[in-house]
Each structure stands twice: as structure tokens, then as C-alpha cells.
Amino acid sequence: MMSRYPLDTSNDRRNATYEVMQQVVLSGLYRGGFFEHAAFYGGTCLRIFQGLQRYSEDMDFSLLTKDESFTLERYFPAIIDEYRLLGREVEITKKDKLTFGKVESAFLKDNTDVYNISFQTEKSIRIKIEVDTMPPLQFETEQRLLLQPFSFMVRCFTLPCLFAGKMHALLFRSWKNRVKGRDWYDFEWYVRMGVPLNFTHLQARVREFNGMDIDHQKLQTMLRERLSQTDIRQVKADVMPFVKNPQELNIWSNDYFVQLIPMIKYLEE
């Protein structure tokens, strides 16, 4: 699986290792029947299934319906067995809710469970998995094919709903001292690819997580305000280790992103 990736630099090897390990997680979850109850979303989903030209570290999942009693622990054996088939021993631990906060994730709620998968042989690699057990609804999903480590299907958010999740992160992520340049990279990708934004799902996310209502005009105003507070140099520095072609960031400036904002398309409602 590693042979499919360029391994010329230490960043190349690190990014490839993360992605291979993530695909093994997905295959284990598939064998365990996880995708009958949940869907994959976020940057890693976009990278693996939609060809985004940047790598991603964390894995985000949403239940299809709200279920406070859900626990990922029932799928641990399937994930562990999948790694053992490839000669890897892993440990999966659930993170203590008292020890993580919004600095680690865009929107950690009391009903978001967070897990770490760590490896005996790749000590520096740790995959963080988040499962929203009480998710904002009004999203759509589709089945996407993955061929490695074997052929299987993963239930994923559709592109317009993935776009909604990214816009929510872009607007409300608590940056603290670590600007998420990857958010701006993904935003540019969605606009360039002409992906329509599922505004209904975005509204549901904002209403449930942030207790407010937005319309198209409010969205654009908030994006411009976010850009006015953004250091593009930090944005570039954050995303640089994860992109295949750093030269595509040369055009980036606050004005560049401001001009992308009115180019957002919306899914017909």
C-alpha cells in the first residue's frame, strides 16, 4: 500500500503512513458493520475519496441518527484484527473528556467521543478519531468504493454536505495559536471544483453548535471578518507540509480569498 505514494522526503513518508493507516481503520470499521450506523466526513474523507491534493491526519465520523448510548468500543476488535492481518499491533484508547478541549477540535461537544489509535512500530503516528453521537442532521450520504487493503464500501457525506462541514469549521474553529491553513485550502478546492454548498446542513450545524441562524449574506460577511483576522503567512505555514504542490499556494493572499467568497455556489433548496 505504501508503494503507491511518493516517499522522497520525511513529510512524504509520514503523510503516506498516516493515509495507509487510515484506510486500514476504514476497512476494519467496514468489516465490523460500522457504516450501517455512521458516515465518514471531514478533510480525511475528502482526501481519500475525492482526490484532494493535501493529506490529513484525523478521522471524523457522524452517526446517521442521534444515539447517546452509542460506543465505538464495540468496533475495537474489528479494527485491531484488521491491523493484525497486516502485521501491526495497535492500541485504541478513549480520551478523557476532561483533558481535551476546543483547541484540539473544531467543535467538541459532550456527546462527541474521541479515540486515539497508536502503533507499536510507528511510535510517531497517532490517529485521532472523533464520533459525533448526537449530530446535526439534514445531511445526505453516499457509498464510496475503496480498493485497499481490499475492495469495500464506505458511507460518506456527499460533497455538498462535506462543504457545509468545512464552512462551519472555517467560520467557528477556535484557532488559538494554531491557524488551520488546511481549512482555507479546502475552501479554495470546493470553490474551484464548483461544488455547491448544502446550506441547509450548514444552517443545522450552526444552529446546533453555535445557537444562531445565518443566511447567505451573513455567511459572506462572517467569512470576510474571519479573513480580516487571518495571517496568511501562518495559513501557508500550517498547510505546507500536507500539500503535494506547494507552488499552488503562491497566489494566496487575503484579497485572493475575499474574491473567492462570492463565487460560492449553493445547492438548490
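Located above this text is the structure these notes cover.
Residues numbered from 1 in each chain as written. Predicted model: local features only at pLDDT ≥ 70, side-chain atom pairs only at ≥ 80, totals over all residues. Heavy atoms only, no water.

Trainee: Help me out: how do you make sense of unusual backbone geometry in this one?
Mentor: Of all residues except glycine, most have a negative phi; of all peptide bonds, most are trans. Residue Pro-149 is bonded to the preceding Gln-148 through a cis peptide linkage, with omega at 5°. Tracing the backbone shows Pro-149 in the loop between strand S6 (141-146) and strand S7 (152-157). (Helix = DSSP H or I, 4+ residues; strand = E, 2+ residues; numbered from the N terminus.)

Trainee: Mind showing me how you'd approach the pattern of salt bridges here?
Mentor: Note that side chains of opposite charge can pair when their charged atoms are close. For the coordinates displayed, the defined rule picks out 19 salt bridges. Here Lys-128 and Glu-130 are joined by a salt bridge, their closest N and O atoms 3.0 Å apart. Judged by relative accessible area, Lys-128 falls into the buried class, the value being 9%. Relative accessible area serves as the criterion here: at 9%, Glu-130 is assigned to the buried category. Residue Arg-182 is joined to Asp-238 by a salt bridge in which the shortest nitrogen-to-oxygen separation is 3.0 Å. Placement of Arg-182 in helix H5 (residues 181-192) and of Asp-238 in helix H8 (residues 232-239) is noted, with a sequence separation of 56 residues between them. Asp-238 sits in the buried class, given a relative accessible area of 11%. A single network of salt bridges, built from pairs that share partners, joins Arg-54, Lys-166, Arg-173, Asp-183 and Asp-186. (Salt bridge = Lys/Arg side-chain N within 4 Å of Asp/Glu carboxyl O. Buried < 20%, exposed > 50% of the residue type's maximum accessible area, 1.4 Å probe, protein only.)

Trainee: Please clarify how the pairing of strand S1 (residues 38-41) should be interpreted in this entry.
Mentor: Consecutive residues of a regular strand have side chains that alternate between opposite faces of the sheet. Burial along S1 is two-sided: the residues Ala-38 and Phe-40 and Ala-39 and Tyr-41 are all buried. Looking at chain direction, S1 and strand S2 (residues 59-63) are connected through four bridges and run antiparallel. When the sheet's bridge partners are listed, Phe-40 is paired in S2 with Phe-61. (Pairing = 2+ DSSP bridges.)

Keep in mind that these numbers describe shape and distance, not what the molecule does.
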